[in-house]
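If you want the building blocks of each chain, they are given just below.
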Amino acid sequence: MSEPDHGLWQALLQSGEVIATEAEYEHGYSRRLRDDLVRMVSFRLGAEIHAIPIRHVREITRCFSVTAVPRTQAYVRGVGTLRGELLPVLCLASRIGLSPASISRASRVLVVSIDSDAFGLLVDEVIDVVSLEPESLREPPSVLSAAGSVNSDFVFALARREGKLLIVLNLTAVVNPEDFVMAKWRDRQGER
Amino acid sequence: MTSQLTALSEIQDLVEEFSRSLLQIEAERSGGRDSDPDLVNAAFRSIHTLKGIVSMVEVGQLVALSHELENCLDDIRLGKRALDASSLDLLFAAVDLYTASLAHAVEPSRAVPDVTSFLSRIKDTGAARPATRSAEEQVSLDWLHEDVRSVLTEYEEFRLRENIGGGRGIYSIHVSFDLMDVDGGIERLKSKLKKLGEVLTYLPSADASREDRIDLDILVGSGEGLEVLRASLTGETASIERLNTGGRSPGRDEGVPVVRGHESTRPDDVAITDGGSGKRRAPPSATPREVGSVASSVGLPGAGSAGSAPGSEGVEEPPQSIRSVVQTVRVELSRLDALMNLVGELRVIQGDFTRTIARAENTLRGVPEVRTLHVQTRQMARRIDELRDRILDVRMVPVGQMFDTLARVVRKLSREHGKEVRLVVSGEQTELDKLIVEELSDPLMHMIRNAIDHGIESVERRSAAGKSLTGKITLVARQRGNSVEIRVEDDGQGMDWLALRERAVSRGLVSREEAEVMTSIEALRLIFAPGFSTLDDLSRSSGRGVGMDVVKTNIMRLSGQIDVESEVGKGTLFRLTLPVTLAIIQALVIEGGGQMFCVPLGSVLESLMFERSEIETIEGFEVISLRSEALPIVYLDRIFDLPRKPGDGQLYVIVVGLAEHRVGLVVDDLLEQKDVVIKSLGPGLDAVPGVAGATEIGAGKTVLLLDLAAIVSDAVRDFGTGDRRRVEGMRA
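Treat the numbers as computed from the prediction; the structure is a model and nothing was measured.

What follows covers the overall build of chain B. Secondary structure summary: chain B contains 23 helices and 22 strands in total. Burial statistics for chain B: of 732 residues in total, 47% are counted as buried. Roughly 34,600 Å² of accessible area belongs to chain B as shown, and the carbon and sulfur atoms make up 52% of that amount.

Here's what the structure looks like:
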């Protein structure tokens, strides 16, 4: 960076102006004001709006045919084939204790990857990609965890977005492969 | 990382090659024959190459190990160290060290092998064993032309002396090969000569007859006469003569050892030298004889020797070895799996395509292109199938490698147990999917351990029983249609089925009443039952609490089957039947609880149709009668909590075998039989008991593959939780 006139530089700094670097002159002012924003995919489950970090979302697809797998929890809708790859598909609503989703035109499957494993999450509607300031995230009300609700583990934080409550989910708690198989069949397996 | 892995697998191959040579050497030794010097040399070369590779990747103390081992083998092949039982033991121990070091390199949690103590052992024993032949005793090589002697390696010189010392004649063959066919020609000639004697060396000759030919001088040591050797050269452009090896050869000491090689005392020798051109050859490659060439030896002298270095290192390695290495490619299995997946998808798409055309046909009746389209899709289908078969081919490996490992186990264990055991192997070329071979080696090893531990008797008992003192374990692989059969047979004491039955009763595995009605075959199958062990004292190798039930489970996991036959005093035979490949299996598509499933055809004993009215109950358990035996039945929809199909009269039953049990699985319908590509269900769902995977059938339809063994064993356990006597009906 070529050094601008020292006096001018200081004056600008004091005025609080943001000074563009030389690289930015060259590449244009595409700089975001902040780089700590969390980008999330927001979607609807019943009447609630939820969100998960976009870095986990590999793709968003229309619903595809899913084969039920016996001996699994009710929220496991089954296994589907997406471009030759088999992946478990979960009903996110029933997983977090809401009434199970029914498929509509707006229904989508979020394909998320956790530790390079892919999972499909069925949601009622994908709404938006939002950028949230970390400081706008609020802890979930303590009453949730005090009530011993399973859901408390699933909620990572709360935020407000255009006047509506946005529930940020803790993806790794929601998608736990060890929980897919019904408990009584999980025990059985150990004997084999 | 990948290059490291590649190097490791290369090292492994070489170690296996080395071990193979050792086994052959040992086989020859125990057969009372002199070990083939080529085998010792092959072992030496494996280690020599290995030394080169390990010096590039840092794997434990393998560099030091390879170095010492190379010295040791060099001493052996030069006769400076005896090749006896103890040095063979040492060499076999090295194989284990290599294997352990590799295992440690791949999985650092494995134990670090103790190379250091081995190194001191190999040095100690080496020092204790002086050369077998002192210098004075050595056969003189004065008769050999100095120029030839100077290019012989120490090993070649040693072999030459050994041959003369052993009373064999030394022959010189001058042979000319077409430049294009030189590699093949050398191999061809070598294999012919090997039957008659030992190829001591071959030197490029300066006597090139023509520009497009390469001439070689080959020294051969043989106990055969000249005529026999010459007969073997039929078809080659070659000439042969016997060399005057000085005092040792009878009646021959003319004192002109350098040039005058041809003998005139024997008529056959005369016949050869008759055609000689009398030309002296260039020193570096010349052997002491005059050329008696059958072919034209006039031409362009010196041209043929171009590119062939006369140095001692250069002549040892024939040029073709480099080529064969380059033509091999190592591929990770996962890459082939990816290709296989793609082919599976292609087939699915092709199926969709065919259906679309069939639908279009109704609306486009009479359009000629539709017909063409039909033909083209069929062609495509054929090509896709071909592609699939080719990819499967690539995954196939001969079982021989695994057999070699087992041969080492036999050797080691028979020593430990002080028993004489010979392993007879056949069908090593039989090919199986690499994955299956990997999964198979543990069960097979276990069976062989059992055979040595419990099967083969001690020498004293064998002699008392009038059997040959050496026990025999036979390992045979052969392909039978779409599956491979592997037999493991021993000629040991066999199993007494009455004793097995008693044990099962005392272990509480079967009731006294059940035992009473058991046939010998059923009783023998008891060894596959969990918790059954024939020896109370746990022996070192096979009694680790796992038994034949684990073997059976592992075989079943590979969609295979295992059966046993045994006769007291005669021996025991295990027969394993395995699918050739795992990626694609033959499946029976069924319907149960309103859902489609497929089951591996290999685990279906038979499928039947029954009337509902034929079902009877034994103390509350439903059975149907199959060939006058009661077959207990379980319902797929009940097992999986699926909605029940409203009952009409008929039901379908798949008969599944599990250990000594036969169980019928009731399903709604049998749909079709087809080849399917099996995939894992992915994280979480792969742990569902009773489901082994899934496949795609038709347009994006995923169908689950049932794990029949798990389903039926669950069902059997449910029977078992009731009164034990209720299981009565389950004996097939």
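There's plenty left to go through after this.
This next bit is on the overall build of chain A. Scanning chain A from N- to C-terminus turns up seven helices and 11 strands. For chain A, the residues scored as buried account for 40% of the 192 residues in total. In chain A, the share of contacts with a sequence separation of at least 24, taken over all contacts with a separation of at least 6, comes to 55%. Carbon and sulfur atoms form 50% of the exposed surface of chain A, whose accessible area is close to 11,100 Å².

Residue and element names in this part refer to chain B. As summarised here, the arrangement of the four strands in space is E2-E3-E1-E4, forming an open sheet in which the pairing is antiparallel. Each end of this open sheet is capped by a strand with a single partner; those strands are strand E2 (197–204) and strand E4 (237–242). The average angle at which neighbouring strand axes cross in this sheet is 20°, direction not considered. Together, strand E1 (169–178), E2 and strand E3 (213–222) form the strand contacts of helix H8 (residues 182–194), whose direction differs from that of E1 by roughly 155°.

Let's shift gears to the packing of aromatic side chains. Residue and element names in this part refer to chain A. Counted under the stated rule, the structure contains four aromatic pairs over all chains. Taking 6.0 Å as the distance between ring centres and 80° as the angle between the ring planes, the aromatic pair formed by Phe-119 and Phe-180 counts as edge-to-face. Here Phe-180 lies in the loop between helix H6 (171–174) and helix H7 (183–191) and Phe-119 lies in strand E8 (residues 117–123), a separation of 61 residues in the sequence. Relative accessible area serves as the criterion here: at 2%, Phe-119 is assigned to the buried category.

Another point: the packing of helix H4 (residues 85–106) of chain B against helix H15 (residues 400–416) of chain B. Residue and element names in this part refer to chain B. Packing of H4 against H15 brings their axes to within 12 Å, and their N-to-C directions diverge by 120°. Put simply, H4 runs oblique to H15. Note on packing geometry: the crossing formed by H4 with H15 is left-handed. Only Arg-408, Arg-411, Lys-412 and Arg-415 of H15 make contact with H4, whose side of the interface consists of Leu-88, Asp-89, Phe-92, Val-95, Asp-96 and Thr-99. Its residues placed into classes, the contact of H4 with H15 shows three nonpolar, one polar and six charged.

All right, on to helix H16 (residues 434–455) of chain B then. Taking 1.5 Å of rise per residue, 22 residues should cover 32 Å, and H16(B) covers 30 Å from first to last C-alpha, within 8% of that figure. Bending of H16(B) peaks at approximately 35° at the position of B:Leu440, with proline B:Pro443 no more than four residues after it.

For the structure shown, the criterion picks out 31 salt bridges over all chains. Its salt-bridge partner being A:Glu125, residue A:Arg44 comes within 2.9 Å of it at the nearest N-O pair. Taken together, the residues span a long stretch of sequence, with A:Arg44 in strand E1 (residues 38–45) and A:Glu125 in strand E9 (residues 125–132) at a distance of 81 residues. With a relative accessible area of 28%, A:Arg44 lands in the partly exposed category. Assessed through its relative accessible area of 31%, A:Glu125 is described here as partly exposed. A salt bridge links B:Glu26 to B:Arg411; the shortest N-O distance between them is 3.0 Å. Here the residue B:Glu26 occupies a position in helix H1 (residues 2–30), and B:Arg411 occupies one in helix H15, the gap between them amounting to 385 residues.

Taken together, the contact between chain B and chain A spans 27 residues of the former and 27 residues of the latter. Inspection of the chain B/chain A interface yields zero salt bridges. Here chain B is connected to chain A by four residue pairs in polar contact (both at pLDDT 80 or more). Going through the elements one at a time, strand E21 (691–697), strand E22 (701–706) and helix H23 (708–721) of chain B are the ones with two or more residues in the side of chain B that touches chain A. In terms of residue class, the side of chain B that touches chain A is made up of 13 nonpolar, six polar and eight charged.

The next subject is the packing of helix H3 (residues 62–77) of chain B against H4(B). All names here are of chain B. H4 packs onto H3 with a crossing angle of 160° between their chain directions and a minimal axis gap of 11 Å. Here H4 runs roughly antiparallel to H3, going by the angle between their axes. The handedness of the crossing between H3 and H4 is left-handed. From H3, Leu-62, Leu-65, Ser-66, Leu-69, Cys-72, Leu-73 and Ile-76 reach across to H4, where they touch Leu-91, Ala-94, Leu-97, Tyr-98 and Ser-101. Considering only residue class, the contact of H3 with H4 consists of 10 nonpolar, two polar and no charged.

The nonpolar side chains of a soluble globular protein tend to be buried with one another. Ranked by internal contacts, the top residues of the largest apolar core, which has 90 residues, are B:Leu440 and B:Phe574. Two domains each provide a minimum of three residues to this core, namely domain 1 (2–128) and domain 4 (399–495 + 534–579) of chain B. Ignoring any residue separated from it by four or fewer positions in sequence, one finds B:Leu440 in contact with B:Met402, B:Leu432, B:Ile486, B:Ile555, B:Leu558, B:Leu576 and B:Leu578. Within the second largest apolar cluster, 68 residues are counted, among which are A:Leu169, B:Val656, B:Leu685 and B:Ala694.

Residue and element names in this part refer to chain B. An order of E6-E8-E9-E11-E10 is seen for the five strands of this open sheet, with the pairing classed as mixed. With one partner strand each, in any of the chains shown, strand E6 (421–426) and strand E10 (561–567) form the two edges of the open sheet. For this sheet, the mean inter-axis angle between neighbouring strands, taken without regard to orientation, is 15°. The sheet contact formed by strand E8 (residues 471–480) and strand E9 (residues 483–490) spans eight bridges and is antiparallel. Each residue of the ladder has a partner; that of Ala-477, found in E9, is Ile-486.

Residues and elements named next belong to chain B. For H3, spanning 16 residues, the distance from its first C-alpha to its last is 22 Å, which sits close to the expected 22 Å at 1.5 Å a residue. Inspection of H3 places Leu-62, Leu-65, Ser-66, Glu-68, Leu-69, Glu-70, Cys-72, Leu-73, Ile-76 and Arg-77 among the buried residues, and these make up the whole buried set. Positive backbone phi, approximately 75°, marks Gly-79, located one or two places after H3.

A few words on the side chain of B:Ser66. Residues and elements named next belong to chain B. By the secondary structure assignment, Ser-66 is in helix H3. Here Ser-66 falls in the buried class, since its relative accessible area comes to 0%. Among the polar contacts made by the side chain of Ser-66, one reaches the main-chain carbonyl oxygen of Leu-62 at a distance of 2.6 Å. Ignoring sequence-local partners within four residues, the contact set of Ser-66 consists of Ile-47, Lys-51, Val-54 and Tyr-98.

In this section: the confidence of the model for chain B. All names here are of chain B. Of the residues in chain B, 78% reach a pLDDT of 70 or more, and the chain-wide mean stands at 75. Residue range residues 248–326 is modelled with pLDDT below 50. Its contacts to residues more than four positions away, or to other chains, number 147 contacts. Note that residues 721–732 has pLDDT below 50 and, in this model, 27 contacts with residues that lie over four places away or in other chains.

So, about the pairing of E8(B). The pairing of E6(B) with E8(B) spans six bridges and is parallel. Paired with B:Val421 across the bridge in E8(B) is B:Gly471.

Residue and element names in this part refer to chain B. Its identity is not glycine, yet Arg-627 carries a phi of approximately 45°, on the positive side. Tracing the sequence through the fold places Arg-627 in the loop between strand E16 (621–626) and strand E17 (629–635). Judged by relative accessible area, Arg-627 falls into the exposed class, the value being 60%. Unlike most non-glycine residues, Asp-641 shows phi in positive territory, near 55°. Here Asp-641 shows up in the loop between helix H22 (636–639) and strand E18 (650–658). Residue class for Asp-641 comes out exposed when judged on its relative accessible area of 57%.

With that settled, consider the pairing of strand E11 (residues 571–579) of chain B. Residue and element names in this part refer to chain B. Among the nine residues in E11, seven count as buried, and that is most of the element. Relative to E11, E10 runs antiparallel, the two sharing seven bridges. Pairing of Val-564 across the sheet is with Phe-574, part of E11. What sits between E10 and E11 in their antiparallel hairpin is a turn of three residues, with Gly-569 showing a positive phi close to 85°.

All right, on to the environment of B:Gln429 then. Relative to the helices and strands, B:Gln429 resides in the loop between E6 and strand E7 (431–433). Sequence spacing of B:Gln429 and B:Ala477 is 48 residues, and the spatial spacing of their C-alpha atoms is 8.3 Å.

So, how was this worked out
Residues numbered from 1 in each chain as written. Chains lettered and ligands numbered in written order. Predicted model: local features only at pLDDT ≥ 70, side-chain atom pairs only at ≥ 80, totals over all residues. Heavy atoms only, no water. Helix = DSSP H or I, 4+ residues; strand = E, 2+ residues; numbered from the N terminus. Buried < 20%, exposed > 50% of the residue type's maximum accessible area, 1.4 Å probe, protein only. Areas by Shrake-Rupley, 256 points an atom, 1.4 Å probe, with all protein chains shown as cover. Contact = heavy atoms within 4.5 Å. Pairing = 2+ DSSP bridges. Axes fitted to C-alpha atoms, helices over the stretch in contact; angles between N-to-C directions. Phe/Tyr/Trp six-rings, centres within 6.5 Å; stacked < 30°, edge-to-face > 60°. Parallel < 35°, antiparallel > 145°, perpendicular 65-115°, else oblique. Left-handed = near helix turned anticlockwise from the far one by under 90°. Nonpolar A, V, L, I, M, F, W, Y, C, P; charged D, E, K, R; others polar. Expected span 1.5 Å × (residues − 1). Bend = angle between axes of the 7 residues up to and from the residue. Salt bridge = Lys/Arg side-chain N within 4 Å of Asp/Glu carboxyl O. Polar contact = N/O pair within 3.5 Å; in protein donor to acceptor, adjacent residues only side chain to side chain. Core = buried A, V, L, I, M, F, W, Y, C linked by side-chain atoms within 4.5 Å. Domains from an automatic or database assignment. pLDDT = per-residue confidence, 0-100.

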